[in-house]
Structure formats: C-alpha cells, structure tokens
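# Examining the three-dimensional arrangement
Each chain is listed here by its residues.
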Amino acid sequence: MTLLELTDVTASYGPVQVLDGVSLTVPDGGAVGILGANGAGKTTTLRAISGAVRVGGSITFDGENIVGLRPEQVAARGIAHVPEGRGTLSDLSVRENLRVGAYLRSDRKQIAEDIDYCLDLFPQLRNRVKSNGSALSGGEQQMLAVARGFMAKPRLLLLDETSLGLAPSTAKNVYEAVGRLRRESGIAMIVVEQNANLAFTLVDSATVLETGRSVLSGTTEELRDRDEIRRAYLGG
Ligand SMILES: Nc1ncnc2c1ncn2[C@@H]1O[C@H](COP(=O)(O)OP(=O)(O)OP(=O)(O)O)[C@@H](O)[C@H]1O
Ligand SMILES: [Mg+2]
C-alpha cells in the first residue's frame, strides 16, 4: 500500500521557484532515498511534505491530501521531520530532549518504554542521558535527533543528511541503528543523503533530484548499476 505520494510538486521561496516537478512514492513501511547535489531541492522536498513551505502539485499521505496543512497538523498525522542541523535543545538533558519528541503523546508508560528503546538503540546516549544537549558531540546529537523523531511514534520519518559532518565509522553506526529501527518498528522513511553508499544500506529505492526536478528513480539495485549514479554518487 502507498503511504505517501508526491506528484509534480512545486515550491518557491518568494519569487524563486526551487521545486519544479518532484514526484515520489513511499510504500507503507518502505524506505526511499533522495539523492542530489547541493541546492538540488532535497531539503525543500522534505519541508514541502512537512508543511513548512507552500507547495503546488499533490501530496497525499495515507490516501488524504496534506497540501495546505500546517506543520503541527502534518506532525499530528504521523510524519516526523529530523531536520538538517540536528536541532538539539541545548539546555535540556538527553532524556528531556527525548520527551520533547513525544510532546503530542499522552501514553506515559509507553513513552518511558520508548525512551528506553532509544537508549538501547544508541548506547552512547544512555551514557549521556543526564547530560545537557550542549555537551554532546556531533555524532551524539545526530543520534539524539533521530531518536527524538522516533519518539513522536510517526508512521513516516523524514531524515535529512543524518551523516553530515560525522566520521565515517560514526555515520555507519548511526545508519546501522536506523536500519534496526526500521526493521523493528516498520516505520517508513525518506532518507536524504549526499552519501549514496550509506543511503543504499537502508533504502529499497531512491529518486535523484536535479535543480528541483525528479530526473531518475529506481530500486537500489537498478540505481547501483547505472554509470551516472556510480560516477556522481557512489565514488566511481
Ligand atoms: N529559505 C530559503 N530562501 C531562499 N532560497 C532558499 C531557501 N532555502 C533554500 N533555498 C534555495 O533553494 C534551493 C534548494 O535548496 P535545498 O536546501 O532544498 O537544497 P538541498 O538539495 O537540500 O541542498 P544541500 O545538499 O546543500 O542541503 C537552493 O538553490 C537554495 O539556495
Ligand atoms: Mg539540504
């Protein structure tokens, strides 16, 4: 079943159009990558889904139109956006940051269990659970950002360049944890990445954006075999 469908989505910042026909489909429980160079419109595509920019075209989630909803309404439908730049609340502890992620929920017992699950998923965070956000390393902040997204108990998680600025081994650890989260929770994901090798460890299919337009889509296997993808995104 299709969970999310974008058809010919357009978006502008003021007079400047930056999305010019983005289409993609996320099956329920599926994981789809978005690849593309700097400025291609990857982040704007996620912002279009989460209601942070005005869009044209069609976006449906669980069969219903979500174009025109405000960000908090989109979140309430079950879409959690883990933005570029992590968004750690620096004056709050790790545990408090995780609670903030669950702000729309009232199932206290389950929230406590989910916090514990996050700390299992990212043992480094368990060691820092009382530390202020400001005391975390970049990698720890990225783990916290993903975990906070999970705490919303979404049906769809939007991950924007989760590996950005991380050492390769840390990025790999984070992606392994996200893969486990995917397997165990069944949450669908959109994974924006510059590092296609990492993205391809997680996603089933991907779409390539060029200057605001979807130019190529396929399964991970199909894309791996294409010369232009290898050259541009897979390092050879
Ligand atoms: N708030 C904004 N106001 C005006 N223009 C913007 C704004 N945010 C992004 N843009 C422009 O929109 C285009 C798409 O930007 P976007 O951030 O979606 O790209 P991206 O693919 O996520 O790039 P990156 O890989 O660098 O994160 C770029 O040309 C960018 O300069
Ligand atoms: Mg971006």
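Structural notes, computed from the coordinates. (Residues numbered from 1 in each chain as written. Chains lettered and ligands numbered in written order. Predicted model: local features only at pLDDT ≥ 70, side-chain atom pairs only at ≥ 80, totals over all residues. Heavy atoms only, no water.)

### Remarks on the sheet that holds strand β9 (residues 205–210)
Taken in spatial order, the six strands line up as β6-β7-β8-β3-β9-β10 in an open sheet, and their pairing is mixed. This sheet does not close on itself; its edge strands, each paired only once, are β6 (79–82) and β10 (213–219). Neighbouring strand axes in the sheet, compared pairwise and without regard to direction, differ in orientation by 15° on average. Pairing analysis gives four bridges linking strand β3 (residues 31–36) to strand β8 (residues 188–192), with the strands arranged parallel. In the sheet register, Val 32 faces β8, and the bridge partner there is Ile 190. In the packing of helix α7 (residues 168–185) onto the sheet, contacts are made with β3, β7 (156–160) and β8, and the angle to β8 comes to roughly 155°. (Pairing = 2+ DSSP bridges. Helix = DSSP H or I, 4+ residues; strand = E, 2+ residues; numbered from the N terminus. Axes fitted to C-alpha atoms, helices over the stretch in contact; angles between N-to-C directions. Contact = heavy atoms within 4.5 Å.)

### Describing unusual backbone geometry
One non-glycine residue with positive phi stands out, namely Asp 62, at about 55°. According to the relative accessible area criterion, Asp 62 is partly exposed, its value standing at 37%. Although it is not a glycine, Thr 211 adopts a positive phi angle of roughly 35°. With respect to the element layout, Thr 211 can be found in the loop between β9 and β10. (Buried < 20%, exposed > 50% of the residue type's maximum accessible area, 1.4 Å probe, protein only.)

### Some points on the sheet that holds strand β2 (residues 16–27)
Spatially, four strands are ordered β2-β1-β4-β5 in an open sheet, and the strand pairing comes out antiparallel. A strand with exactly one partner marks an edge of an open sheet, and here the two such strands are β2 and β5 (64–65). Summarising the sheet, strand β1 (residues 2–13) and strand β4 (residues 55–61) pair through six bridges and their orientation is antiparallel. Across the sheet, residue Leu 4 finds its bridge partner in β4, namely Phe 61. The strands that helix α1 (residues 42–49) touches are β1, β2 and β4; relative to β1, the one it contacts most, it runs at about 115°.

### Concerning the pattern of salt bridges
For the structure on display, the rule yields 16 salt bridges. With a shortest N-O distance of 2.9 Å, Arg 182 and Asp 204 are connected by a salt bridge. One end of the pair, Arg 182, is in helix α7; the other, Asp 204, is in the loop between α8 (196–199) and β9, and 22 residues separate them in sequence. For Arg 182, a relative accessible area of 17% corresponds to the buried category. (Salt bridge = Lys/Arg side-chain N within 4 Å of Asp/Glu carboxyl O.)

By themselves these figures say nothing about function.
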